[in-house]
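# Results of the structural survey
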Amino acid sequence: MKIACVQMDIAFGEPEQNYRQVVDYLTEAASNGAETIVLPEMWNTGYALTELETLADSTNRTVELLKGFAKEHAVNIVGGSVSTKKADGFYNTMFVVDKTGELVSEYDKAHRFGLMDEHIHLEEGDSLGLFELENIAFGGVICYDIRFPEWIRAQALNGAKLIFVSAEWPEARIDHWRILLQARAIENQCFIVAVNRIGSDPNNEFGGSTMAIAPWGEVRLDMKKEEGIGYVEIDLAEVGEVRKRIPVFDDRREKLYEKFKKQIDTLQ
Ligand SMILES: O=C(O)CCC(=O)C(=O)O
């Protein structure tokens, strides 16, 4: 699977400019033979959270764009995330479409990031973010979600062999980004393809470092601060090979973990 990672700058509070830019990137990636294209987090508005009433996608615009493009060019699109307005509030939503143009996942970011005021402006999602592309299970999470190993584990336990991450991760903690992603790949013995934005907004400078990490932990793509598209070829058979070499999933002791959890509860 040839994957294209779009490490772009995002114009703060300027959806029109961002939609144009995304179409240009999708076109470039598709013309370079990408089978799956991955976008960063909140690419329609950036973190203009106080302006979501007027700026968030309330019209299905993103889904229609991604579905139309995917079908025309026969590519899968992990649509990063966009700010959306739904019946009960605003969300940070990842849409995934397959190469036939079908919407296969709509995942609302599960863990809201307080340092960037998400808990004030956004609702939290409660679906797992699993989806299938050509009968293979994948996972998708958004930014802060990677700090919750149990959340990524839940996707891996449900069959995801590759987990996509879309982010607006600040430069100030980019060492956390790198280490957490590598740890999530090694502990779950799966691929992680993680796309972060570059550039800055009024509050943060963002760290890029879009990466693809193999199940043994090697970094196969590292875009550092480079703007544009990074490509990586992935063979999912590697997952099985690594899980055979060290059978972590067979060696898990679910019942023991449950018992230990209860002991902790008793102490509290
Ligand atoms: O966890 C972090 O340090 C960054 C998270 C973040 O920027 C986000 O979830 O938008």
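Residues numbered from 1 in each chain as written. Predicted model: local features only at pLDDT ≥ 70, side-chain atom pairs only at ≥ 80, totals over all residues.

The next subject is the overall build of the protein chain. In terms of regular secondary structure, the protein chain is built from 9 helices and 13 strands. Whereas a compact globule of 268 residues would reach a radius of gyration of roughly 18 Å, the protein chain reaches 18 Å, a difference of no more than 12%. Projected onto its principal axes, the C-alpha positions of the protein chain cover 50 × 45 × 35 Å. Of all 268 residues assigned to the protein chain, the portion counted as buried reaches 45%. (Helix = DSSP H or I, 4+ residues; strand = E, 2+ residues; numbered from the N terminus. Rg over C-alpha atoms; globule rule 2.2 N^0.38 Å. Buried ≥ 20, exposed ≤ 12 C-beta atoms within 10 Å, placed from the backbone.)

Our focus in this paragraph is the site of the ligand. Close to the ligand lie Phe-113, Met-116, Cys-143, Tyr-144, Arg-147, Glu-168, Trp-169, Pro-170, Arg-173 and His-176. Residue composition of the shell around the ligand, by class: 6 nonpolar, 1 polar and 3 charged. (Near = placed C-beta within 6 Å. Nonpolar A, V, L, I, M, F, W, Y, C, P; charged D, E, K, R; others polar.)

Relative to the helices and strands, Leu-55 resides in helix α2 (residues 52–55). Spatially, the C-alpha atom of Leu-55 lies 33 Å from that of Val-232, the residues being 177 residues apart in sequence. Excluding residues that lie within four positions of it along the chain, Leu-55 makes contacts with Gly-13, Pro-15, Thr-45, Ala-48 and Ser-83. (Contact = placed C-beta atoms within 7 Å.)

This brings us to the confidence of the model for the protein chain. A low pLDDT means the predicted coordinates there should not be read in detail. Of all residues in the protein chain, 98% have pLDDT values of 70 or greater, and the mean over the chain is 97. Our summary of model confidence lists the complex with pTM equal to 0.96 and ipTM equal to 0.97. (pLDDT = per-residue confidence, 0-100.)

Another point: unusual backbone geometry. At Gln-189, a position not held by glycine, the phi torsion is positive, near 50°. Checked against the element boundaries, Gln-189 lands in the loop between α6 (174–188) and β10 (191–196). For Lys-224, which is not a glycine, the phi torsion comes out positive at approximately 45°. Mapped onto the secondary structure, Lys-224 falls in the loop between β12 (219–222) and β13 (228–233).

This part is about the sheet that holds strand β8 (residues 136–142). Taken together, 6 strands build an open sheet; the order of strands is β7-β8-β9-β10-β11-β12 and the sheet is mixed. Each edge of the sheet is formed by a strand with only one pairing partner; in this case those strands are β7 (130–133) and β12. Adjacent strand axes in the sheet meet at a mean angle of 20° when their direction is disregarded. Strand direction decides the pairing type here: β7 and β8, joined by 4 bridges, are antiparallel. The residue bridging Leu-133 from the neighbouring strand is Ile-136, located in β8. (Pairing = 2+ DSSP bridges. Axes fitted to C-alpha atoms, helices over the stretch in contact; angles between N-to-C directions.)

Turning our attention to the nonpolar core. Counting residues in hydrophobic clusters, the biggest one holds 73 residues, and the most contacted among them are Val-6, Val-38, Leu-181, Phe-191, Ile-192 and Val-193. For this core, the element with the most residues is strand β5 (residues 89–97), which contributes 6 residues. If we ignore the near neighbours within four places in the chain, the residues touching Val-38 are Ile-3, Ala-4, Cys-5, Val-6, Val-78, Gly-80, Phe-164, Ser-166, Val-193 and Val-195. (Core = buried A, V, L, I, M, F, W, Y, C linked by C-beta atoms within 7 Å.)

The next point concerns the environment of Ile-3. Within the element layout of this structure, Ile-3 appears in strand β1 (residues 2–7). Measuring from C-alpha to C-alpha, the distance between Ile-3 and Glu-205 comes to 26 Å, with 202 residues separating the pair along the chain. Filtering out sequence-adjacent residues up to four positions away, Ile-3 remains in contact with Ala-34, Thr-36, Val-38, Val-193, Ala-212, Val-232 and Ile-234.

This part takes up the pairing of β12. Relative to β12, strand β11 (residues 211–213) runs antiparallel, the two being bridged by 3 bridges. Each residue of the ladder has a partner; that of Ala-212, found in β12, is Leu-221. The loop that links β11 with its antiparallel partner β12 comprises 5 residues; one of these, Gly-217, has a positive phi angle of about 105°.

Taking 1.5 Å as the rise per residue, α6 with 15 residues should run 21 Å; its terminal C-alpha atoms sit 21 Å apart, in good agreement. Regarding α6, the residues found buried are Trp-177, Leu-180, Leu-181, Arg-184, Ala-185 and Asn-188. Seen end-on, α6 carries its buried residues on one side only, within an arc spanning 130°. Among the exposed residues of α6, those pointing more than 90 degrees away from its buried face are Asp-175 and Ile-179. Tucked into the core, α6 has its buried residues touching α5 (149–157), β9 (162–167), β10 and β11. One or two residues past the end of α6 sits Gln-189, with phi positive at roughly 50°. (Expected span 1.5 Å × (residues − 1). Arc of directions from axis to C-beta.)

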